[in-house]
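In case you want the letters, here they are:
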Amino acid sequence: MNDPRDFIAHEAALLDEHRFDEWLALFADDGHYWVPLLGAAQADPFSHNSLAYEDRLLLQLRVERLKNPRAHSQHPASHSQHVLQPSRIEEEAADEVRLRTPFLYVEARGDDQILLSGTARHRLIRTPTGWAIREKRIDLLNATRALPAIQLFI
């Protein structure tokens, strides 16, 4: 998969198909998943709280929890659907690319359903085996409003 825009679509499909181990394998060893509490207005994960700022170890723990049949939060199981607009390359170098992808995210569990919108910002690095995620940042639209519990990965 040479085109990083195809990589972004593949990543979302893995999440929607609950292929969490394969999704986690897309992250570089030093990769991070970040959902700023202030959305696009937040400059970094250190000067203000975040909804999520997770390295590979924390992502692995969340994946293991989601796969555990005793996970209370997954009875009934959550399902997601990512609806992506075309990704736009914002910066490109020989071994790194930054992309911006507006999205709608639907998460359903039992009779409950939530709809979130925002922009995913990926920083990908080229590896010998293809692209890897160095950072995935989710800037939610209207991020400062009260949000429901999000069980899966946006």
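Here's what I pulled together on the structure shown here. The shown structure was predicted, so the numbers you read here are calculated from the model rather than taken from an experiment.

1. Observations concerning the packing of aromatic side chains
Alright, step 1. Counted under the stated rule, the structure contains seven aromatic pairs.
Alright, step 2. Ring centres of Trp-23 and Tyr-33 lie 6.2 Å apart, and the angle between their planes is 85°; this geometry places the pair in the edge-to-face category. Here Trp-23, found in helix H2 (residues 20-24), pairs with Tyr-33, found in strand E1 (residues 27-36); they are 10 residues apart in sequence, far enough to count as distant.
Alright, step 3. For Trp-23, a relative accessible area of 0% corresponds to the buried category.
Alright, step 4. An aromatic cluster of at least three residues, connected via ring pairs, comprises Phe-20, Trp-23, Phe-27, Tyr-33 and Phe-153.

2. Looking at the pattern of salt bridges
Alright, step 1. All told, the structure shown has 16 salt bridges when counted by the stated rule.
Alright, step 2. In this structure, Glu-11 and Lys-136 form a salt bridge, with 2.8 Å as the shortest nitrogen-oxygen distance. Note that Glu-11 is positioned in helix H1 (residues 4-16) and Lys-136 in strand E7 (residues 130-140), a separation of 125 residues in sequence.
Alright, step 3. Taking relative accessible area as the criterion, Glu-11 reaches 2% and is therefore assigned buried.

3. A word on unusual backbone geometry
Alright, step 1. A cis amide bond, omega 0°, links His-75 with the succeeding residue Pro-76.
Alright, step 2. The backbone of His-18 shows a phi angle near 60°, a positive value even though the residue is not glycine.
Alright, step 3. By the secondary structure assignment, His-18 is in the loop between H1 and H2.
Alright, step 4. Judged by its relative accessible area of 30%, His-18 is partly exposed.
Alright, step 5. One non-glycine residue, Asn-142, lies in positive phi territory at about 55°.
Alright, step 6. The residue Asn-142 is located in the segment after E7 in this model.

Cut-offs applied
In this numbering scheme, every chain counts its residues from 1 along its sequence in written order. For a predicted model such as this one, the threshold for reporting local features is a pLDDT of at least 70, and the threshold for listing and counting side-chain atom pairs is 80 or more; totals across whole chains, interfaces and linings nevertheless cover every residue. The side-chain quantities take in all heavy atoms of the structure and omit both hydrogens and water. Two aromatic rings from Phe, Tyr or Trp, using only the six-membered ring of Trp, form a pair when their centres are within 6.5 Å; if the ring planes differ by under 30 degrees the pair is stacked, by over 60 it is edge-to-face, and anything between is tilted. Helix and strand assignments come from DSSP, with helices taken as H or I runs of at least 4 residues and strands as E runs of at least 2, each series counted from the N terminus. To sort residues, take the accessible area from a 1.4 Å probe on protein chains only and compare it with the maximum for the residue type: under 20% means buried, over 50% means exposed, and anything in between is partly exposed. Here, a salt bridge means any side-chain nitrogen of Lys or Arg that lies within 4 Å of a carboxyl oxygen of Asp or Glu.

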